[in-house]
Amino acid sequence: MRAKPVLKFLDNIESYLCQILLVFFVCLLFLQILLRLVFGAMHTLSQHIAFFEHYPLPASIPWGEELSRMAFVWFVFLGATYAARLAAHNRVTFQFKIFPKIVGDVSTVFSDIVWIAFNCTMIYFSINVIKEGFEYPEYSPTLDWIMAYVFMIFPIAFSLMTIRIIQVNIMKHVFKIEIADVDKIDTGDEDDEIPESGVTS
Amino acid sequence: MSVTAVIFLTFIGLLFIGAPITLSLGAAAMGGMIFSGKPLEGLVEIAYTSVNSFPIMALPAFILSGALMESAGISRRLVAVAEAMAGPFTGGMAASTILSCLFFGAISGSGPATTAAVGMLMIPAMTRHGYDRGYAGAVTSSSGGLGVVIPPSIPMVIYGVTASQSIADLFIAGFIPGIMLAVALMTMNYFRSKKKKYKGDGKTLSAKKVLVTMREGFWSLLAPVIILGGIYTGFFTPTEAAIVSIFYTLFVGIFIYREIELKGVMKALESTTWITGRVLIIMFAALAFGQLLTINKIPDLIAQGLLDLTGNLYLIWVLIIIFLLFMGMFMETLATIMLVTPVLLPVMLSLGVDPIHFGVVLVCCCEIGFATPPLGENMFIASGVARTTLEDISMNALPFVFVSVLVVFLIAYFPVLTLWLPDFLGTLFQ
């Protein structure tokens with residue numbers, strides 16, 4: 001039974017990474033705002049009080065905004081991967097209502113195959129871009145990082161997404177596990193009559 | 001076969017077989033690029049530039065702060081204020097719902113989130129007071145959209161980024177239209193409640209009671225003041241205001257109301273990750289799609305087609321609004337904005353329409369789209385909470401949709417309604 005917590009961790013790994021990135025860039029931006037307010041106030045004071053004039057102060061962390069934006073890009077694409085695991089990506093499905101259920105199922109599986117093909121193409125070309133990025137390095141303006149490292153998120157995210165799409169389809173069609181609709185909100189009490197929405201949003 | 005045909009056929013074909021919207025847009029753009037012989041490395045560059053932007057970081061920040069406000073007890077107190085103010089009138093519980101959505105709209109930037117937060121509290125309260133479940137759901141889903149018209153607003157962030165317009169100006173411009181929509185909904189509610197014999201909540205309107213709830217909800221009412229005041233005075237950018245509101249909510253939740261739990265915070269973080277991920281990956285696909293359309297001069301073609309049809313701006317607005325409402329019925333809101341903006345904005349600009357004005361009309365149309373079937377995010381939530389069918393809610397929502405559409409036409413025909421406030425504040429703070 002030791003494998004269970006490990007599996008659960010792996011199942012949610014994008015979510016954990018994403019939450020760490022989210023907390024990181026939110027705190028970083030807040031720190032920037034605080035610094036701006038504090039030093040702004042001190043700057044105003046320095047015009048009146050001679051003491052502050054002798055200490056030139058940094059207005060903010062210069063690389064703060066850039067780093068938070070990079071964290072944000074990683075956050076978005078990992079978040080999209082997690083959304084794929086939750087089967088949360090918006091699809092238009094009301095047209096399937098007039099057909100038997102099997103039509104919708106087959107059609108959705110087919111669309112997922114197209115999705116995987118799309119992801120593979122993206123993986124291939126993002127690796128190309130990264131290779132080129134190491135050959136002719138481009139540096140980020142303030143942190144001076146090689147941009148190719150930042151672009152690593154694309155092959156990572158699109159590969160993980162492909163794995164998640166396959167995982168969801170296996171869960172749904174092989175193990176017959178009902179994937180909960182994440183857009184349905186929990187009303188707190190269990191009820192007998194749950195209205196049929198027919199559309200996954 | 002032209003590139004345009006390849007793009008549109010792939011897009012519509014994939015949507016029809018039930019592919020995610022992101023994939024439909026992305027694969028259509030990829031198909032178009034392959035067809036016209038462009039290197040696909042460009043797509044990777046777009047994936048990076050589409051989200052590598054400071055203004056768009058307001059989106060996860062507003063989603064997170066909205067989710068936190070729920071567990072910090074801020075939403076509940078805002079609803080209490082609204083109830084004390086509007087409860088005693090005819091159809092009072094429904095009017096309180098609309099007013100709550102108005103208040104909540106000033107701290108939340110999302111329609112479905114507003115519907116969920118207000119609906120969880122007000123729909124059960126309405127049914128207890130003898131309201132029809134369908135009517136209760138319809139009121140909530142129709143007024144939940146106020147969340148995106150009253151600033152802050154996530155669709156406005158998306159429009160501002162896609163159209164490179166000032167998000168702060170858009171936020172200010174949405175204020176008067178939002179109030180107008182709320183007044184229209186309340187008027188319609190008054191007449192319908194009178195007919196359905198929905199009385200007030202039995203309490204009398206007293207200034208004292210309103211003041212008591214306002215004092216209890218003081219820290220909640222301060223939230224919109226900080227967010228909007230900070231943006232309007234130019235003290236914060238919208239992204240910074242969203243970040244500040246996260247920490248403000250945490251502060252109030254931990255030290256003042258002492259209601260927030262670690263579990264609630266973790267849940268808010270978790271839902272923010274996947275909601276942002278699925279929305280912003282559409283951004284990448286929509287940007288690639290939009291660029292291809294622009295290269296192939298589709299906006300010019302549409303503009304020419306429109307102008308050949310009529311030169312009358314009023315008639316063009318009619319066509320555009322009908323088109324947007326139609327899109328709103330079938331498409332996800334933010335995807336609609338990302339898709340429509342690069343195509344329609346140049347058209348409207350060439351006709352002399354202000355981009356801020358167009359943005360507000362676009363967002364108002366999306367507001368209505370939240371409450372129109374078959375894809376109306378607010379209706380799904382309302383039907384879940386009210387435990388009634390979508391059909392029941394949509395039938396009851398029709399009159400509300402009707403008055404909202406009237407207001408949208410007013411807003412479109414009188415640009416001064418949107419543009420006056422930004423101008424006024426602009427001169428005030430300069």
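Refer to the structure presented above.
Structural notes, computed from the coordinates. (Residues numbered from 1 in each chain as written. Chains lettered and ligands numbered in written order. Predicted model: local features only at pLDDT ≥ 70, side-chain atom pairs only at ≥ 80, totals over all residues. Heavy atoms only, no water.)

This next bit is on the packing of helix α17 (residues 298–309) of chain B against helix α19 (residues 333–350) of chain B. Relative placement of two packed helices is described by the angle separating their axes and the distance separating the axes. All names here are of chain B. In the contact formed by α17 and α19, the axes pass within 8 Å of each other and the chain directions differ by 50°. It follows that α17 is oblique to α19 by the angle criterion. Crossing of α17 against α19: the hand is right-handed. Together, Pro299, Ile302, Ala303 and Leu306 of α17 and Pro342, Val343, Leu344, Pro346 and Val347 of α19 make up the contact between the two elements. Residues of the contact of α17 with α19, tallied by class, amount to nine nonpolar, no polar and no charged. (Axes fitted to C-alpha atoms, helices over the stretch in contact; angles between N-to-C directions. Helix = DSSP H or I, 4+ residues; strand = E, 2+ residues; numbered from the N terminus. Parallel < 35°, antiparallel > 145°, perpendicular 65-115°, else oblique. Left-handed = near helix turned anticlockwise from the far one by under 90°. Contact = heavy atoms within 4.5 Å. Nonpolar A, V, L, I, M, F, W, Y, C, P; charged D, E, K, R; others polar.)

Further remarks concern the packing of helix α18 (residues 313–330) of chain B against helix α22 (residues 390–413) of chain B. Residue and element names in this part refer to chain B. At their nearest, the axes of α18 and α22 sit 11 Å apart, and the two run at 140° to each other. By the angle between their axes, α18 is oblique relative to α22. Like other packed secondary-structure pairs, α18 and α22 cross with a definite hand, here right-handed. Two secondary-structure elements touch here, α18 through Tyr314, Trp317, Val318, Ile321 and Leu325 and α22 through Val405, Val408, Phe409, Ala412 and Tyr413.

Of the residues lining the interface, 65 residues belong to chain B; the matching set on chain A comes to 68 residues. Both faces combined, the contact of chain B with chain A buries some 6,000 Å², and carbon together with sulfur accounts for 77% of it. Looking only at chain B, the three residues that lose the most surface to chain A are B:Tyr48, B:Arg278 and B:Arg387, adding up to 12% of its buried area. For the pair chain B and chain A, the interface holds one salt bridge. When the shortest N-O distance is used, the salt bridge between A:Arg36 and B:Glu240 registers 2.7 Å. Residue contributions to the side of chain B that touches chain A peak at twelve residues, all from helix α16 (residues 262–295) of chain B. (Buried area = accessible area lost by both parts, 1.4 Å probe. Salt bridge = Lys/Arg side-chain N within 4 Å of Asp/Glu carboxyl O.)

Further remarks concern a nonpolar patch on the surface. Residue and element names in this part refer to chain B. Together, Leu410, Phe414, Val416, Trp420, Phe424, Leu428 and Phe429 give the surface a local cluster of nonpolar side chains, amounting to about 700 Å² of exposed area. For the nonpolar patch, the leading source of residues is helix α23 (residues 416–428), giving four residues. Along the chain, the position of Phe414 falls in the loop between α22 and α23. Judged by its relative accessible area of 45%, Phe414 is partly exposed. (Patch = residues over 30% accessible without salt bridge, like charges linked within 9 Å, V, L, I, M, F, W, Y side chains within 5 Å. Areas by Shrake-Rupley, 256 points an atom, 1.4 Å probe, with all protein chains shown as cover. Buried < 20%, exposed > 50% of the residue type's maximum accessible area, 1.4 Å probe, protein only.)

Turning our eyes to something else, we now look at the environment of B:Arg258. All names here are of chain B. Residue position: Arg258 is located in the loop between α15 (238–256) and α16. You can call Arg258 exposed: its relative accessible area is 66%. Between the alpha carbons of Arg258 and Gly73 there is a distance of 8.7 Å; along the sequence they are 185 residues apart. Sequence-distant contacts of Arg258, that is, excluding residues within four places in its chain, are made with Val252 and Gly253. Of note is the side chain of Arg258, whose polar atom sits 3.4 Å from the backbone oxygen of Phe255. (Polar contact = N/O pair within 3.5 Å; in protein donor to acceptor, adjacent residues only side chain to side chain.)

Residue and element names in this part refer to chain B. Taking burial as the measure, the ten residues of helix α21 (residues 377–386) include ten buried ones, the bulk of the element. Within α21, burial applies to Glu377, Asn378, Met379, Phe380, Ile381, Ala382, Ser383, Gly384, Val385 and Ala386. At its buried positions, α21 is contacted by α7 (111–128), α8 (133–144), α19 and α22. Just past α21, the residue Arg387 takes up positive phi, approximately 55°.

Take the packing of aromatic side chains next. By the definition in use, this model includes 29 aromatic pairs over all chains. Ring centres of A:Phe30 and B:Phe247 lie 3.8 Å apart, and the angle between their planes is 10°; this geometry places the pair in the stacked category. On the criterion of chain membership, the pair formed by A:Phe30 in helix α2 (residues 13–46) and B:Phe247 in helix α15 is interchain, its members lying in two chains. For A:Phe30, a relative accessible area of 19% corresponds to the buried category. Among the aromatic residues, ring-to-ring pairing joins A:Phe77, A:Phe151, A:Phe154, A:Phe158, B:Tyr48 and B:Phe284 into one connected group. The ring of B:Tyr257 carries B:Arg77 above its face, with NZ or CZ at 3.5 Å from the centroid. (Phe/Tyr/Trp six-rings, centres within 6.5 Å; stacked < 30°, edge-to-face > 60°. Lys NZ or Arg CZ within 6 Å of the ring centre and 35° of its normal.)

All we've got here are geometric facts, nothing functional implied.
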